[in-house]
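Single-letter residue listing:
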Amino acid sequence: MNFAATLRIALLALRINKMRSALTMLGIIIGVAAVIIMIAVGGGAQARVEEQIRSLGSNIIIVMSGSMTSGGARGGAGSQPTISEDDGYAIGREIEEIQAAAPTLRGSGQVVAGNANWSTTFYGITPDYLEVREWAVVEGRGFEQAEMNGAGKVVLIGQTVAKNLFGEASPLDQVIRVRKVPLTVIGVLDRKGQSMTGQDQDDILLMPIATARKRVLGSALAKSRSVGSIMVKVNQGADMASADARMRELLRQRHRLQPGQDDDFFVRNLSEILQAQEASSKVMALLLAAVASVSLLVGGIGIMNIMLVSVTERTREIGLRMAVGARANDILTQFLVEAVTLSLIGGVIGIMLGIGGSMLIAQLAGWRTELSAGSIVLAAGFAGAVGIFFGYYPAKKASRLLPIEALRYE
Amino acid sequence: MAEALIRVEQLAKEYRMGSNVVQALCGVSLEIAAGEFVAVMGPSGSGKSTFMNLLGCLDHPSAGRYWLGGQEVSQLSGDELARVRNRKLGFVFQHFNLLARTSALDNVSLPLLYSGMSPPERKRHAEQRLSQVGLAERMDHHPAQLSGGQQQRVAIARALVNDPQLVLADEPTGALDSRTSVEIMALLQQLNREGITIVLVTHEHDVAHFAGRIISFRDGKVIEDKPNAANDAAALLQ
């Protein structure tokens, strides 16, 4: 008996009991659709998190100044200016794992352009900053060396600042006043969106570090070389831990700290966030897989149940088929193909429903979903496997019937 | 003398019912030649059904031997018996045993499905047999759309479709009214005249008397085996 004929018999048998077949498939349909939707939603969430981390830079280490103790109250990280611009250059120069190190000074204040004003955060930076943050200038240009050295009165602005100060008009070559210091806008930064903590990363001004120090932040800092933080980017693929350790060692040396003395700086590392995120998304994926496999399992039991009923109900048919020459194997194949067909049709409907459902969720809930070919193949494979696994027992039972008893069955 | 189509020697079958052993058939020996029309009679429990099951290769004998068309079949495995049923035997049952919601044509071609025949060949054979039993016009009808007599004709066409050496009919008229019964018997007689060997099980004397030989069973043994001057069913219908 060839396969095409077996398939036709199976389809016929399923057509005869349309309602029952549909209800049986429902378990598989729901299971498969659930797998696809959950993987799509989970994948979307994960992709979003990964993107956020990437936008921050997953291989970034931030070195911050140590804290200051005044009258028993300890200030936060960065309250004491212990690290200097030169520490930053030394890190970039001496540690080979490091791609770029960007010392930054941070401040905030009111920014005025014409009759618009806006309160924002500004950073004094070196050109390395843009490299570390993988941030492009989309309009205008970046800083030139002369502007860096000579505390040029130039500024790069983020998208949010551009929108609030200039609306739709081009901000290029406009003069804005930052803490009353007039600076010319030479470029607009690419959109970066929100940070993981929900901060608007586009609400920012960047100026040469010398400009920030000498012109904007004021006299207290003017003479020192100290900076609030150094943003360090580790080479792609290099070991974060070793870069971290070498950097600490270098800073301790430069700060002449004795063994046993505490660090006078803080080192923060986003890889920990990344690891935590990875671990949690793994747990999430595992959870989703567990839920999905439970629903597929239930669907499979449904198939087994219906196939057992079907075998009992069609005992006489089985007897007749045996009487006219079907071998045990023919009967086994027939019922197995029936079960697998049931689960595969359910699987296909489930896949379509899953894809539709994912799109609907993306539309209605506004969640990002990411359909993956892998999840579809996985779901289809699983559905087929469920059919074989749960169809085998009833099929075996059918094939073991004795022809005379099956024929006599009432 | 030519080899008989059916030859059984000391054929026996016992069933185990708990601790009891029931002798359903105790040492039956007989021969049936090709072209015969044999009725097997007897009350229930006489062993006639057991005998039919053994003739039909649906069951294994406990003892004794059975040759069908010169081939000893009493020692064959389950799959080999399935092949014998597929190639050499045709069955007609009391309750027709047609597949529901399946056309007459597909019902008739069912045995050919298991002999590996191509779909166009299957169709051709099945059409030919349906015409032979007078149902050329109803090939696409489902069993539910056919009368009892027509359903049994479909079943007979199915029994014939693989050109069997032997047709076994188990109470073929048991579920039919008397006129339809005679019609079915007329069909069987006609097929027999065309050369097909038929063994019929019945407990009705009227039905048995359409056969050319009557074998009576009681308590697992043959108690009578005599030729019969067959009634002509076709003439009776006139």
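Residues numbered from 1 in each chain as written. Chains lettered and ligands numbered in written order. Predicted model: local features only at pLDDT ≥ 70, side-chain atom pairs only at ≥ 80, totals over all residues.

Chemist: Just checking my understanding: could you explain the overall build of chain A for this structure?
Modeler: Counting its secondary structure elements, chain A contains 14 helices and 12 strands. Among the 410 residues that make up chain A, the fraction classed as buried is 40%. The long-range share in chain A, meaning contacts at least 24 apart out of those at least 6 apart in sequence, stands at 81%. (Helix = DSSP H or I, 4+ residues; strand = E, 2+ residues; numbered from the N terminus. Buried ≥ 20, exposed ≤ 12 C-beta atoms within 10 Å, placed from the backbone. Contact = placed C-beta atoms within 7 Å.)

Chemist: I'm lost on the interface of chain B and chain A in this one. Help?
Modeler: Many analyses report the size of an interface as the accessible area lost when the parts associate. Between chain B and chain A, the residue contacts involve 19 residues of the former and 16 residues of the latter. Broken down by secondary-structure element, the contributors of at least two residues to the side of chain B that touches chain A are α2 (78-88) and α3 (104-113) of chain B. Of all the elements, α2(B) adds the most residues to the side of chain B that touches chain A, at 6 residues. Each residue belonging to the side of chain B that touches chain A can be placed in one class, and the counts come to 8 nonpolar, 6 polar and 5 charged. (Nonpolar A, V, L, I, M, F, W, Y, C, P; charged D, E, K, R; others polar.)

Chemist: I keep staring at the nonpolar core and nothing clicks. Help me out?
Modeler: Proteins that are soluble and globular tend to have nonpolar side chains buried together. Counting 122 residues, the largest nonpolar core has Ile36(A) and Val40(B) as the members making the most contacts within it. Here this core takes 13 residues from helix α2 (residues 18-56) of chain A, the largest share from any one element. Contact partners of Ile36(A), with chain neighbours within four places excluded, come to Ile351(A), Gly354(A), Ile355(A), Ser358(A), Ser375(A), Ile376(A) and Ala379(A). Judged by nonpolar contacts, the second largest core, of 52 residues, contains Met64(A), Ile95(A), Tyr129(A) and Leu206(A). (Core = buried A, V, L, I, M, F, W, Y, C linked by C-beta atoms within 7 Å.)

Chemist: How should the sheet that holds strand β5 (residues 71-72) of chain B be read in this particular structure?
Modeler: Either a parallel or an antiparallel arrangement is found when strands of a sheet pair, and the pairing is made through backbone hydrogen bonds. All names here are of chain B. Taken together, the 4 strands give an open sheet; going across it, the order is β2-β1-β4-β5, and neighbouring strands pair in antiparallel fashion. Strands at the two margins of the open sheet, each flanked by one partner only, are β2 (20-32) and β5. Both strand β1 (residues 6-17) and strand β4 (residues 63-68) contribute to a ladder of 5 bridges, which runs antiparallel. Across the sheet, Arg-7 pairs through a bridge with Trp-67, a residue of β4. (Pairing = 2+ DSSP bridges.)

Chemist: Would you mind going over the pairing of strand β7 (residues 166-170) of chain B with me for this structure?
Modeler: Two faces, one strand: in a regular strand the side chains alternate between the faces of the sheet. All names here are of chain B. Most of β7 sits inside the fold, with 5 of its 5 residues counted as buried. With burial as the criterion, each face of β7 is covered, one bearing Leu-166, Leu-168 and Asp-170 and the other bearing Val-167 and Ala-169. Pairing between strand β6 (residues 89-92) and β7: 4 bridges, direction parallel. Along β7, the bridge assignment pairs Phe-91 with Leu-168. With helix α6 (residues 178-193) bridging β7 and its parallel neighbour strand β8 (residues 197-201), the resulting β-α-β unit is right-handed. (Right-handed = clockwise from strand over helix to strand, strands pointing away.)

Chemist: Just to check I follow, could you spell out the sheet that holds strand β9 (residues 213-218) of chain B for this structure?
Modeler: All names here are of chain B. Strand order across the open sheet formed by 6 strands is β6-β7-β8-β3-β9-β10, with mixed pairing between neighbours. Looking at strand neighbours, the two that pair on one side only are β6 and β10 (221-227), the edges of this open sheet. Averaged over all pairs of adjacent strands, the angle between strand axes in this sheet comes to 20°, irrespective of strand direction. In this structure, β9 lies alongside β10, joined through 6 bridges in antiparallel fashion. Looking at β10, one finds that Ile-215 is bridged to Asp-225. Across the sheet, helix α5 (residues 148-160) touches β6 and β7, and the angle it forms with β6 is around 170°. (Axes fitted to C-alpha atoms, helices over the stretch in contact; angles between N-to-C directions.)

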